[in-house]
Amino acid sequence: MTTGTLSSAANRKTQWGIGLAIAAVVVVLSLPTPDALPAEGQRLAAIFLAAIILWATEAIPIAVTALLVITLQPIFGVTDLHGAFASFVSPVFFFVLAMFCIAAAVTNAGVDRRFAFWLLGHAGADSRRVVVALMIGTAATSGFISDVPACAIFMSIGLGVLNRLNLEPGSSSLGKAIMMGIPIASLIGGVATPAGSSVNILGIHLIEETVNVHISFVEWMAIGIPMVLVLVPVACCAILWSYPPEVKTVGDVAELSQERLALGPITLAEKKTITLLGTMMVLWIAGSWIEFFDVLIVALCGAIVMFLPGVQLLTWKQADRSIGWDTLLMIGGVTSLGSASLQAGLANWLVDVTLRGVADWSVVLALLAISAFTVVVHLALPIGPVVNAVVIPPIALLAVSAGVNPALYALPVAFTASCAMLLPLDAVCLITYSKGYYRMLDMLTPGVLIGSAWVVWMTILMLTIGGLLGFV
């Protein structure tokens, strides 16, 4: 395909996306305002729908859309300029910034590659074990650094395995298993700790902002770690059942051993990185009892230490290249929309219109319905932060109206916002999808299996461990 053809296709995509967004705004504003919805809420709904369309179609850069939603709030009379920007730069913004720096330091030091080759060395040459090893490694890494870099790191290792075997993209079952297994494992592993994904921190922030309920680092881990321990094996089985490798071995184990040996002995930079990450994890856990060790403070301090003389794990130029500024701006836009939905009455209206019946259901059915809804809604809202911003405020308010702890209904949304694996629409899955080893619908079968297990296991954990934490 020529450059001109690509440019023409991109222009059509941009025109369609912008056209749909404008049409959505016109339609929403033309409808009669519902009795229970303030006029500001209806105007915000128009902005919200336009933003979702623009983010989903990528008609314009996602960072530009984030700036647009801030600009439109005072223009449409939803709030003033100060109100729109007040929640844009939230604690979530700075936490994600810190985690981008930490992920860059891990990559620069080579800790990620050493861990990956150690896993592959123990997996041997059996192709099924290699798939499992890559998925376990991705999930473990994603528990401590953002799911996007974790996926990218192990994708490069997986591509090395596939290229060594000269497997053709699109026709190789092993290629599908590896390229789908890695992002799925990254999404699952990311829920282990609050530090595993910006989606987690945003969820915690929205719960606290909406109903003033604080979720500690340990409380999240008490549910997140069992989620990962069960769902990673389920995901491995679902992937290998759906796409059994067509080759039994991945080649000579000696080659992997040589690549591992080529890394040499563990370096001083690796030792510093591991020590710093270990210290941060201890402080994060301690923060559940010692208020001073706030999740954000520990993350920022850890990132700052990486630049200090004597440590020097990172330069600002290296960090700047690794920071996803578009992601940061999108999170700011989503946070601002979430806050505005509460102030403009949109969240309350959504509760009354779409979720009122759930309050009358048993807790078990309500939890199953909420988790299942959050899985399916990814087809319409493929971006985790957007799912949180749209669903958490009304769900938390629904819990209050039903007389239950808001965390009981809101936490499943915060966790399941990472379950974006029915189709490769999320940014994590798109990383490997772009390599051409699988098609859009190839992910549906394992995605449905894993998503179903996610919903059931999430419900069980909220009723058991959530009960021990006082959520039930």
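Residues numbered from 1 in each chain as written. Predicted model: local features only at pLDDT ≥ 70, side-chain atom pairs only at ≥ 80, totals over all residues. Heavy atoms only, no water.

This part takes up the overall build of the chain. Each helix and strand counted, the chain has 22 helices and zero strands in total. Against the globule reference of 23 Å for 472 residues, the chain gives a C-alpha radius of gyration of 22 Å, in line with a compact fold. With respect to the principal axes defined by its C-alpha atoms, the chain has extents near 70 × 60 × 50 Å. For the chain, with 472 residues in total, the buried portion stands at 54%. (Helix = DSSP H or I, 4+ residues; strand = E, 2+ residues; numbered from the N terminus. Rg over C-alpha atoms; globule rule 2.2 N^0.38 Å. Buried < 20%, exposed > 50% of the residue type's maximum accessible area, 1.4 Å probe, protein only.)

All told, the structure shown has one salt bridge when counted by the stated rule. A salt bridge links lysine 176 to aspartate 442; the nearest nitrogen and oxygen atoms lie 3.7 Å apart. Here the residue lysine 176 occupies a position in helix α9 (residues 173-189), and aspartate 442 occupies one in the loop between α21 (427-433) and α22 (444-468), the gap between them amounting to 266 residues. As far as burial versus exposure is concerned, lysine 176 and aspartate 442 are alike and both buried. (Salt bridge = Lys/Arg side-chain N within 4 Å of Asp/Glu carboxyl O.)

Relative to the helices and strands, isoleucine 215 resides in the loop between α10 (198-211) and α11 (217-242). Put simply, isoleucine 215 and phenylalanine 373 are 158 residues apart on the chain and 22 Å apart in space, counted from C-alpha to C-alpha. With residues up to four places along the chain from it excluded, the contact list for isoleucine 215 reads Ile204, Trp220, Ala407, Leu411 and Phe471. (Contact = heavy atoms within 4.5 Å.)

The next thing to look at is the environment of leucine 54. Considering the arrangement of structural elements, one finds leucine 54 in helix α2 (residues 39-57). Residue leucine 54 is classed as buried on the basis of its relative accessible area of 4%. With 34 residues separating them in the primary sequence, leucine 54 and leucine 20 have C-alpha atoms 8.5 Å apart. Here leucine 54 is in contact with Gly17, Ile18, Ala21, Ala59, Ile60, Thr65 and Leu68, once residues within four sequence places are set aside.

Taking 1.5 Å of rise per residue, 19 residues should cover 27 Å, and α2 covers 28 Å from first to last C-alpha, within 8% of that figure. A positive backbone phi angle near 55 degrees is found at glutamate 58, which sits one or two residues after α2. (Expected span 1.5 Å × (residues − 1).)

With that out of the way, let us pick up α22. Residues that lie three or four places apart on an α-helix share one face, since the helix turns once every 3.6 residues. Across its 25 residues, α22 extends 35 Å between first and last C-alpha, which sits within 8% of the 36 Å expected from 1.5 Å per residue. At methionine 462, α22 shows its largest bend, some 30 degrees. Along α22, the residues classified as buried are Pro446, Gly447, Ile450, Gly451, Trp454, Val455, Met458, Thr459, Leu461, Met462, Ile465 and Gly466. In this fold, the buried residues of α22 make contact with α9, α11, α18 (363-376) and α20 (406-416). Glycine 470 sits one or two residues past α22 and shows a positive phi near 90 degrees. (Bend = angle between axes of the 7 residues up to and from the residue.)

This paragraph deals with a nonpolar patch on the surface. A surface patch of nonpolar side chains, amounting to about 250 Å² of accessible area, comprises Ile18, Ile22 and Val26. By the element assignment, valine 26 lies in helix α1 (residues 3-30). Judged by relative accessible area, which is 47%, valine 26 ranks as partly exposed. (Patch = residues over 30% accessible without salt bridge, like charges linked within 9 Å, V, L, I, M, F, W, Y side chains within 5 Å. Areas by Shrake-Rupley, 256 points an atom, 1.4 Å probe, with all protein chains shown as cover.)

Within the largest apolar cluster, 167 residues are counted, with the highest numbers of intra-cluster contacts made by Trp55, Ile188, Ile223, Trp284 and Leu411. When residues in this core are grouped by element, the largest group, 15 residues, is from helix α5 (residues 91-109). Beyond its immediate sequence surroundings of up to four residues, isoleucine 223 is in contact with Leu411, Phe415, Met458, Leu461, Met462, Ile465, Leu469 and Phe471. (Core = buried A, V, L, I, M, F, W, Y, C linked by side-chain atoms within 4.5 Å.)

Pairs of packed helices are described in terms of their axes, by the angle between the two and the distance that separates them. Put simply, helix α7 (residues 127-142) and α9 touch, their axes get as near as 7 Å, and they point 25 degrees apart. Accordingly, the angle class assigned to the pair α7 and α9 is roughly parallel. Our pair here, α7 against α9, has a crossing hand that is right-handed. On α9, the residues touching Ser127, Val131, Leu134, Met135, Thr138, Ala139 and Ser142 of α7 are Leu174, Ala177, Ile178, Gly181, Ile182, Ala185, Ser186 and Gly189. (Axes fitted to C-alpha atoms, helices over the stretch in contact; angles between N-to-C directions. Parallel < 35°, antiparallel > 145°, perpendicular 65-115°, else oblique. Left-handed = near helix turned anticlockwise from the far one by under 90°.)

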